[in-house]
Amino acid sequence: MTFRDDVTRSGGNARKSGGGGRGMAVGGGIGGLLLVGLFLLLGGNPAEIDQVLGGDQTQIESGESTGAGDFDHCQTGADANASDDCRLYYTSFSVNEMWQTLLPAQAGIEYTEPTLTLFKNSTQTGCGFASASTGPFYCPSDQDAYFDLTFFDQMRQFGAENAPLAQMYIVAHEYGHHVQNLEGTLGLSNYNDPGADSNAVKIELQADCYAGIWANHSSEGPDPLLQPITESELDSALLAASAVGDDNIQQRSGGDVNPESWTHGSSQQRKDAFLAGYNTGQMSACDFLGRGVYNDA
Ligand SMILES: [Zn+2]
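Let me sum up the structure you'll find in this document. (Residues numbered from 1 in each chain as written. Predicted model: local features only at pLDDT ≥ 70, side-chain atom pairs only at ≥ 80, totals over all residues. Heavy atoms only, no water.)

We now examine the packing of helix α4 (residues 84-107) against helix α7 (residues 199-217). Put simply, α4 and α7 touch, their axes get as near as 10 Å, and they point 95° apart. By the angle between their directions, the pair α4 and α7 is classed as roughly perpendicular. Facing Thr91, Ser94, Val95, Met98, Trp99 and Leu102 of α4, the residues of α7 in contact are Tyr210, Ile213, Trp214 and His217. When the residues that make up the contact of α4 with α7 are grouped by side-chain class, the tally is seven nonpolar, three polar and no charged. (Axes fitted to C-alpha atoms, helices over the stretch in contact; angles between N-to-C directions. Helix = DSSP H or I, 4+ residues; strand = E, 2+ residues; numbered from the N terminus. Parallel < 35°, antiparallel > 145°, perpendicular 65-115°, else oblique. Contact = heavy atoms within 4.5 Å. Nonpolar A, V, L, I, M, F, W, Y, C, P; charged D, E, K, R; others polar.)

And the structure:
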């Protein structure tokens, strides 16, 4: 998906954060295994997974940031097309602008923006210490979506051609968890109670579906950030969604496929969930929890 070169945004609820020392990874969000899935999708060698996920977590890049000036170099959509941090930053505007309209219309809930935090190697969060091995995740207690830029550096080093699209899909997925937090349903997810039909999987599939809703609406409105999605971009998004399926990750990591241990859903489930949102643009199509509370609008 491509930003219109001349669009411009500034401000917003975003910051950069880095460093802070060593610590334990926290769980949650899109799941650390996502990184494995994306890495494999992008052509990585499974033998190098440890290298990708392990990283050097002792490196301290910088102190906490207030956010002022962190994105001054992200002036236009062309900048967003050219660099990871600007792409993540501009994607957050695109996703926020869609939910500002859509969430009140379809769910009767006011949308408030989460914080977008980009970090390198490690950072302190409201959900504990996050490191490179944590992967992108959403922390409900501080309503903050965290993305590790070093992971995207690594993806590129390994020749990741689909990295930009995967990044945007991940942002839309994590912001989907924020929407679930506003809906009061995110807490239903429990990774300690996994399985193909578990609430954990339903919540993850719904976040994929919400990412599909964003892809559906991303080129709409008076000043859209994105050009209309092309057929090949849609295929890439579906490939990204299916690559991070639990069955695919289990298989490609050399293990058995065990649906009882799934927390995010199979490749087919994730692809179908993204498409359900993309084809309709409606939250009602993502009602995997069977709540029946959405209006089509
Ligand atoms: Zn998730």
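That shown, we press on.
Another point: the pairing of strand β4 (residues 128-131). As judged from the four bridges shared by strand β3 (residues 122-125) and β4, these two strands associate in the antiparallel manner. Within the sheet, the bridge partner assigned to Thr125 lies in β4 and is Gly128. Taken together, β3 and the strand that follows it, β4, pair antiparallel across an intervening segment of two residues. (Pairing = 2+ DSSP bridges.)

Attention shifts here to the packing of aromatic side chains. Using the criterion set out here, one finds eight aromatic pairs in the structure. Both rings, one in Tyr89 and one in Phe93, keep their centres 4.9 Å apart while their planes meet at 80°; by these two values the pair is edge-to-face. Residue Tyr89 and its partner Phe93 are located together in helix α4, separated by four residues, close to a single helical turn. On the accessibility criterion, Phe93 (11% relative accessible area) is buried. Ring geometry for Tyr90 versus Phe93: centroids 6.1 Å apart, planes at 70°, classification edge-to-face. Of the two residues, Tyr90 and Phe93 both sit in helix α4, three residues apart, roughly one turn of that helix. Here Tyr90 matches Phe93 in class, with each residue buried. Through pairs of rings, three or more aromatic residues link up here, namely Phe3, Phe71, Tyr89, Tyr90 and Phe93. (Phe/Tyr/Trp six-rings, centres within 6.5 Å; stacked < 30°, edge-to-face > 60°. Buried < 20%, exposed > 50% of the residue type's maximum accessible area, 1.4 Å probe, protein only.)

Now for the state of the cysteines. Overall, the coordinates contain three disulfides when judged by the stated rule. Paired by a disulfide, Cys74 and Cys86 hold their sulfur atoms 2.1 Å apart. Across the disulfide from Cys74 to Cys86, rotation about the S-S bond amounts to roughly -80°, and the bridge is consequently left-handed. Of this pair, Cys74 sits in the loop between α2 (49-54) and α3 (77-82) while Cys86 sits in helix α4, and the two are twelve residues apart along the sequence. Residue Cys86 is classed as buried on the basis of its relative accessible area of 1%. Covalent S-S linkage joins Cys209 and Cys286, the inter-sulfur distance amounting to 2.0 Å. What sets the handedness of the Cys209 and Cys286 disulfide is the S-S torsion sign, and at about -75° it is left-handed. With a gap of 77 residues between them, Cys209 in helix α7 and Cys286 in the segment after α10 (267-280) connect regions that are remote in the sequence. For the pair Cys209 and Cys286, one class covers both residues: buried. Should the bonded cysteines of the protein chain be numbered as they appear in the sequence, the pairing reads 1-2, 3-4, 5-6. (Disulfide = S-S within 2.5 Å.)

Here we come to unusual backbone geometry. Positioned with a positive phi, Asn121 is a non-glycine residue whose angle comes to about 75°. Relative to the elements of secondary structure, Asn121 occurs in the loop between β2 (115-120) and β3. The exposure class of Asn121 is buried, given its relative accessible area of 7%.

In contact at an axis separation of 8 Å, helix α6 (residues 163-183) and α7 are set at 115° when each is read in the N-to-C sense. For the element pair α6 and α7, the recorded crossing hand is right-handed. Residues Met168, Tyr169, Ala172, His173, Gly176, His177, Val179, Gln180 and Glu183 of α6 pack against Ile203, Glu204, Gln206, Ala207, Asp208, Tyr210, Ala211 and Trp214 of α7. (Left-handed = near helix turned anticlockwise from the far one by under 90°.)

For the rest of this paragraph, the subject is the environment of His264. Along the polypeptide, His264 turns up in the loop between α9 (246-252) and α10. For His264, a relative accessible area of 6% puts it in the buried group. Along the primary structure His264 and Val201 are separated by 63 residues, whereas in three dimensions their C-alpha atoms are 4.6 Å apart.

To continue, consider the nonpolar core. Among the nonpolar cores identified, the biggest contains 62 residues, and Trp99, Phe147, Trp214, Phe274 and Met283 are the most heavily contacted of them. Top contributing element to this core by residue count: α4, with eleven residues. If sequence neighbours within four positions are ignored, Phe147 has contacts with Leu88, Leu116, Thr117, Leu118, Phe119, Pro136, Phe152, Ile170, Val171 and Glu174. (Core = buried A, V, L, I, M, F, W, Y, C linked by side-chain atoms within 4.5 Å.)

Glancing now at the side chain of Gln106. Within the element layout of this structure, Gln106 appears in helix α4. Under the relative-accessibility criterion, Gln106 is labelled buried at 0%. Within the local environment of Gln106, its side chain forms a polar contact with the backbone oxygen of Ala297, the two atoms lying 3.1 Å apart. In this view, Gln106 contacts Gly281, Gln282, Met283, Val293, Tyr294, Asn295 and Ala297; residues no more than four positions away in its chain are not counted. (Polar contact = N/O pair within 3.5 Å; in protein donor to acceptor, adjacent residues only side chain to side chain.)

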